[in-house]
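# Observations on chain architecture
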Amino acid sequence: MIFEYSVKTDRAQQLVDVTAKVADAVKKSGKKEAHVLISVPHTTCAMTINENCDPAVPSDLLRRLEKIVPVHDPEDRHAEGNSAAHLKSSLVGFSVMMPVSDGGLLLGTWQGIYLCEFDGPRTRRLVVSII
Amino acid sequence: MIFEYSVKTDRAQQLVDVTAKVADAVKKSGKKEAHVLISVPHTTCAMTINENCDPAVPSDLLRRLEKIVPVHDPEDRHAEGNSAAHLKSSLVGFSVMMPVSDGGLLLGTWQGIYLCEFDGPRTRRLVVSII
Amino acid sequence: MIFEYSVKTDRAQQLVDVTAKVADAVKKSGKKEAHVLISVPHTTCAMTINENCDPAVPSDLLRRLEKIVPVHDPEDRHAEGNSAAHLKSSLVGFSVMMPVSDGGLLLGTWQGIYLCEFDGPRTRRLVVSII
């Protein structure tokens, strides 16, 4: 069972909390015990899980990641100029997965599900599939 | 089918081999052909697979990762001071998955399953679910 | 259902497009709606998804990643001298997963599936399992 959502990002780099969308897909599926895979069919954005309580966590994450993989690198050959976004996506990964238990996402108290925009703003596809 | 284990870490940063716990869950499930998802419901620890033969591999990993994502960064805004642990977790990832074949984990000769503590010591939850 | 392929790499570091192999496994499985897990039973190579249109993308990725995790580090203790490859593998990850819809891989327009060689050349095992 596959559900698809649209996520509009409004900055070049941004973490968007999509936990509610994933919970919505699980609810629509009617499944009580299952697994959910959340993936993005893109090459310059990614999926992760992280703290969704203090907004300083996503902003520290993006700032620190930018230090490690800076947007600009004079040696890049890719003409679109977004090789950093491609690498960030491969490092963070294109999907996350978790169990569904008693109809709810099996997430920790502080865990939220984030779509990571690394080359925005764009409209991104979020694919939520139930296993 | 979901199994949960407790993992006590005793250092600030540490790789703990949990392969035996995962194998135990697979055995208890009675499944011969399946898949196993190992995840942590936390935001400052992670899951990975790596060599479990030479103990220098996990220690080189942690030391090199610390160079890339150092604990201290004066620009961090997150008041708990553990933004590095949050980023390390997102880079390494919160779950690993592998096939179960003939009742055993389909792992390579040198592969072990590690819980990665990045903000310990703490007691962590290890969630092993069979698909 | 598990399919195994052999992938021969011919450089020390290389991204090998294995999308056709994965599509072949899905076709052989006869499954129309499913999920596919692609994993490597190794500790110095990894799996990722990224753009498979402009060959500058994989080469920029490898070059930038080498800057972040250089092969040589005088502090490494692991006698084999490939600790960088072990860390790169843990950062990129040992598996990717995606839905199968209407008998085809649910991939974006620009997405290809890559085996990442970080300590080659070697012959690597590619494990494709259908869920």
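Now for a quick tour of the structure. (Residues numbered from 1 in each chain as written. Chains lettered and ligands numbered in written order. Predicted model: local features only at pLDDT ≥ 70, side-chain atom pairs only at ≥ 80, totals over all residues. Heavy atoms only, no water.)

## Considerations on the interface of chain A and chain B
Here is the rule we go by: Contacts: residue pairs with any heavy atoms within 4.5 Å of one another. Defined in terms of a 1.4 Å probe, buried area is the accessible area two parts forfeit on being brought together, summed over both. Note on definitions: salt bridges are taken to be side-chain nitrogens of Lys or Arg within 4 Å of carboxyl oxygens of Asp or Glu. Each helix is a run of DSSP H or I of at least 4 residues and each strand a run of E of at least 2, with the numbering of both proceeding from the N terminus.
Counting from both sides, the interface comprises 27 residues of chain A and, opposite them, 33 residues of chain B. Taking both partners together, chain A and chain B bury about 2,300 Å²; carbon and sulfur atoms supply 59% of that area. At the surface where chain A touches chain B, the tally comes to 5 salt bridges. In this structure, lysine 67 of chain A and aspartate 73 of chain B form a salt bridge, with 2.9 Å as the shortest nitrogen-oxygen distance. Sorting the residues of the side of chain A that touches chain B by element identifies β4 (45–51), α2 (56–68), α3 (83–92) and β5 (95–101) of chain A as the ones contributing at least two each.

## A closer look at the relation of the copies chain A and chain C
Which entries qualify depends on this criterion: The copies are overlaid by a least-squares fit using only the C-alpha atoms of residues whose pLDDT is at least 70 in both copies.
Taken as rigid bodies, chain A and chain C are interconverted by a rotation of 120° and an axial shift of 0.0 Å, the fit giving an RMSD of 0.0 Å. Those values place the two copies in the arrangement expected of a three-fold rotation axis. Relative to the rotation axis, the closest C-alpha in chain A is found at leucine 91 of chain A, a distance of 3.3 Å. Interface residue correspondence from chain A to chain C reaches only 12%, placing this contact among heterologous pairings that use different surfaces.

## Overview of the interface of chain A and chain C
Test applied: Whenever two N or O atoms come within 3.5 Å, that pair is a polar contact, provided that in protein one can donate a hydrogen and the other can accept it, and provided that, for residues adjacent in sequence, both atoms are side-chain atoms. Under the convention adopted here, Pro, Cys and the residues Ala, Val, Leu, Ile, Met, Phe, Trp and Tyr are nonpolar, Asp, Glu, Lys and Arg are charged, and Gly plus all remaining residues are polar.
Taken together, the contacts link 33 residues of chain A with 27 residues of chain C. Of the roughly 2,300 Å² buried where chain A meets chain C, counting both sides, 59% is carbon and sulfur surface. Taken as a group, Leu87, Ser90 and Leu91 of chain A account for 21% of the area that chain A buries against chain C, more than any other trio of residues on that side. On the surface where chain A and chain C come into contact, there are 5 salt bridges. Our count for the contact surface shared by chain A and chain C stands at 18 residue pairs in polar contact (both at pLDDT 80 or more). Breaking the side of chain A that touches chain C down by element, the ones donating at least two residues are β3 (34–39), α3, β5 and β8 (123–130) of chain A. Its residues placed into classes, the side of chain A that touches chain C shows 17 nonpolar, 10 polar and 6 charged.

## Remarks on the state of the cysteines
Note the threshold: Two cysteine sulfurs form a disulfide in these notes if their separation is within 2.5 Å. Remark: exposure states derive from per-residue accessible area (1.4 Å probe, protein chains only) relative to the maximum for the residue type, with buried under 20%, exposed over 50%, and partly exposed in between.
Taken as a whole, this structure holds 0 disulfides over all chains when the rule is applied. Cysteine 53 of chain A carries a free sulfur, and the closest cysteine sulfur to it, the one in cysteine 45 of chain B, is 18 Å from it. Judged by its relative accessible area of 48%, cysteine 53 of chain A is partly exposed.

## Some words on the relation of the copies chain A and chain B
Each of the two chain copies can be generated from the other by rotation about an axis followed by a shift along it. When chain A is brought onto chain B, the operation consists of a screw motion whose angular component is 120° and whose axial shift is 0.0 Å, with 0.0 Å RMSD remaining. Taken as a fraction of all interface residues of chain A, those also at the interface in chain B reach only 15%, which identifies the copy contact as different-surface.

## Concerning unusual backbone geometry
Geometrically, the link from glycine 120 of chain A to proline 121 of chain A is a cis peptide bond, its omega value of 0° lying close to zero. With respect to the helices and strands, the residue proline 121 of chain A is situated in the loop between β7 (111–117) and β8. The phi dihedral of aspartate 102 of chain B is positive, around 55°, even though this residue is not glycine. Of note, aspartate 102 of chain B is situated in the loop between β5 (95–101) and β6 (104–105).

## Some thoughts on the side chain of asparagine 50 of chain C
Structurally, the position occupied by asparagine 50 of chain C is in strand β4 (residues 45–51). A relative accessible area of 0% places asparagine 50 of chain C in the buried class. For asparagine 50 of chain C, the residues in contact, after removing those within four places along its chain, are Thr43, His86, Ser90 and Phe94 of chain A together with Val57, Leu61, Trp110, Gln111, Gly112 and Tyr114 of chain C.

## Quick look at the pairing of β7 of chain A
All names here are of chain A. Selection rule: Strand pairing follows a simple DSSP-based rule, namely that at least 2 bridges must link the two strands.
Within β7, 7 of the 7 residues are buried, which leaves it mostly tucked inside the rest of the structure. Residues Gln111, Ile113, Leu115 and Glu117 point to one face of β7 and Gly112, Tyr114 and Cys116 to the other, with burial holding for every one of them. Looking at chain direction, strand β2 (residues 14–17) and β7 are connected through 4 bridges and run antiparallel. In the sheet register, valine 16 faces β7, and the bridge partner there is leucine 115. Where β4 lies against β7, 7 bridges are found, and the strand directions are antiparallel. Across the sheet, alanine 46 pairs through a bridge with cysteine 116, a residue of β7.

## Quick look at the sheet that holds strand β1 (residues 2–8) of chain B
All names here are of chain B. So the rule is basically this: Note on geometry: axes are C-alpha line fits, over the in-contact stretch for helices, and angles between N-to-C directions span 0 to 180 degrees.
An order of β1-β8-β3-β5-β6 is seen for the 5 strands of this open sheet, with the pairing classed as antiparallel. Each edge of the open sheet carries a strand with a single partner, namely β1 and β6. Of the strand pairs in this sheet, strand β3 (residues 34–39) and β5 are connected by 6 bridges, and their pairing is antiparallel. Each residue of the ladder has a partner; that of histidine 35, found in β5, is proline 99. Lying over the sheet, helix α1 (residues 19–29) contacts β1, β3, β5, β6 and β8 (123–130), oriented at roughly 160° with respect to β1.

## Side note on the pattern of salt bridges
Counted by the stated rule, this structure contains 36 salt bridges over all chains. Residue arginine 11 of chain A pairs with aspartate 10 of chain A through a salt bridge whose shortest N-O separation is 3.7 Å. For aspartate 10 of chain A, a relative accessible area of 55% puts it in the exposed group. Residue aspartate 73 of chain B is joined to arginine 63 of chain A by a salt bridge in which the shortest nitrogen-to-oxygen separation is 3.4 Å. Placement of the pair is aspartate 73 of chain B in the loop between α2 (56–68) and α3 (83–92) and arginine 63 of chain A in helix α2, with the two residues belonging to separate chains.

## Quick word on the sheet that holds strand β1 (residues 2–8) of chain A
Ordered by their spatial adjacency, 5 strands build an open sheet running β1-β8-β3-β5-β6 (chain A), and the pairing between neighbours is antiparallel. Whereas interior strands pair on both sides, the edge strands pair on one side only; in this sheet they are β1 and β6 (104–105) of chain A.

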